[in-house]
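Structural features, examined
Each chain, written out:
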Amino acid sequence: MERLTYWCPNGQGGGEWRVNIDGREERGLHVDRLAAYEDTWIGPEEIKATFTPEAVIKLAAQALGTTPDRLRELARADREKNDPLTLDELRGMRGKWVWVVSPDKDLTVSAWAYVGANRVFTYWEYDNDELVGRVVYNLCDYGAWIAYRNPIKTVMPGEEQHGV
């Protein structure tokens, strides 16, 4: 590793670390920190190799007072969370599939739907095993219908909802 900083004595037994950046001499706390790093003679690749994903998980678990397995469990639960999407999240999912629920009082529609630029399209809609047709939802009406990352249990008209 090539050293960038250099010691500049002040003539009275002291001095400071400096670095030359595009012909301009810099000094200060940031240069002192760079010099301290350079004093280790450990290159970026060696530091990176020290922090494998497994090592980082172990360190994080130790710092949080838990186990690596518990951290993995929490991360998995976070990835699998299925809260309703916000409108911004939904707009960011253009070209992807989402689970749509429309709590219509006459027909609760729930199906996979494709997110377009301004609309969400279901391709096949079923009610009591009968084909109902294609449904198109406008993003500007979001809230009257809700989208999720994964399917949820929907409550059909006349049913009670129990802790979905």
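Residues numbered from 1 in each chain as written. Predicted model: local features only at pLDDT ≥ 70, side-chain atom pairs only at ≥ 80, totals over all residues. Heavy atoms only, no water.

Focus: the nonpolar core
- Core analysis: the biggest nonpolar cluster contains 13 residues, and Leu 85, Leu 90, Val 98, Val 100, Val 120, Trp 145 and Ala 147 have the highest contact counts within it.
- Those elements giving two or more residues to this core turn out to be strand S4 (97-103) and strand S5 (108-115).
- Apart from the residues within four sequence positions on either side, Val 98 is in contact with Leu 85, Leu 90, Met 93, Ala 111, Trp 112, Ala 113, Val 115, Val 120, Ala 147 and Tyr 148. (Core = buried A, V, L, I, M, F, W, Y, C linked by side-chain atoms within 4.5 Å. Buried < 20%, exposed > 50% of the residue type's maximum accessible area, 1.4 Å probe, protein only. Helix = DSSP H or I, 4+ residues; strand = E, 2+ residues; numbered from the N terminus. Contact = heavy atoms within 4.5 Å.)

Brief notes about the pattern of salt bridges
- According to the stated counting rule, one finds 10 salt bridges in the structure shown.
- Of the charged contacts, one joins Arg 18 and Glu 16 as a salt bridge, the two residues approaching to 2.6 Å between their closest N and O atoms.
- A residue is classified by how much of its surface remains accessible, and Arg 18, at 16% relative accessible area, is buried.
- Linked by salt bridges that have partners in common, Glu 16, Arg 18, Glu 25 and Arg 27 make up one network. (Salt bridge = Lys/Arg side-chain N within 4 Å of Asp/Glu carboxyl O.)

Structural notes on helix H1 (residues 29-40)
- Its 12 residues give H1 an end-to-end C-alpha distance of 17 Å, which sits within 8% of 16 Å, the value for a rise of 1.5 Å per residue.
- Residues of H1 that are buried: Val 31, Ala 35 and Glu 38. Buried residues along H1 cover an arc of 60 degrees about the axis, so they all sit on one side. For H1, exposure combined with an orientation more than 90 degrees from the buried face picks out Leu 29 and Arg 33.
- Packed against the buried residues of H1 are strand S1 (5-9), strand S2 (15-21) and strand S3 (24-27).
- After H1 finishes, the residue Trp 41 shows a positive phi value of roughly 60 degrees. (Expected span 1.5 Å × (residues − 1). Arc of directions from axis to C-beta.)

Regarding the packing of aromatic side chains
- Applying the stated criterion across every chain, the model contains five aromatic pairs.
- Ring geometry for Trp 99 versus Trp 112: centroids 5.4 Å apart, planes at 80 degrees, classification edge-to-face. Of this pair, Trp 99 sits in strand S4 while Trp 112 sits in strand S5, and the two are 13 residues apart along the sequence.
- Classification of Trp 99 by relative accessible area gives buried; the value is 13%.
- Judged by its relative accessible area of 37%, Trp 112 falls in the partly exposed class. (Phe/Tyr/Trp six-rings, centres within 6.5 Å; stacked < 30°, edge-to-face > 60°.)

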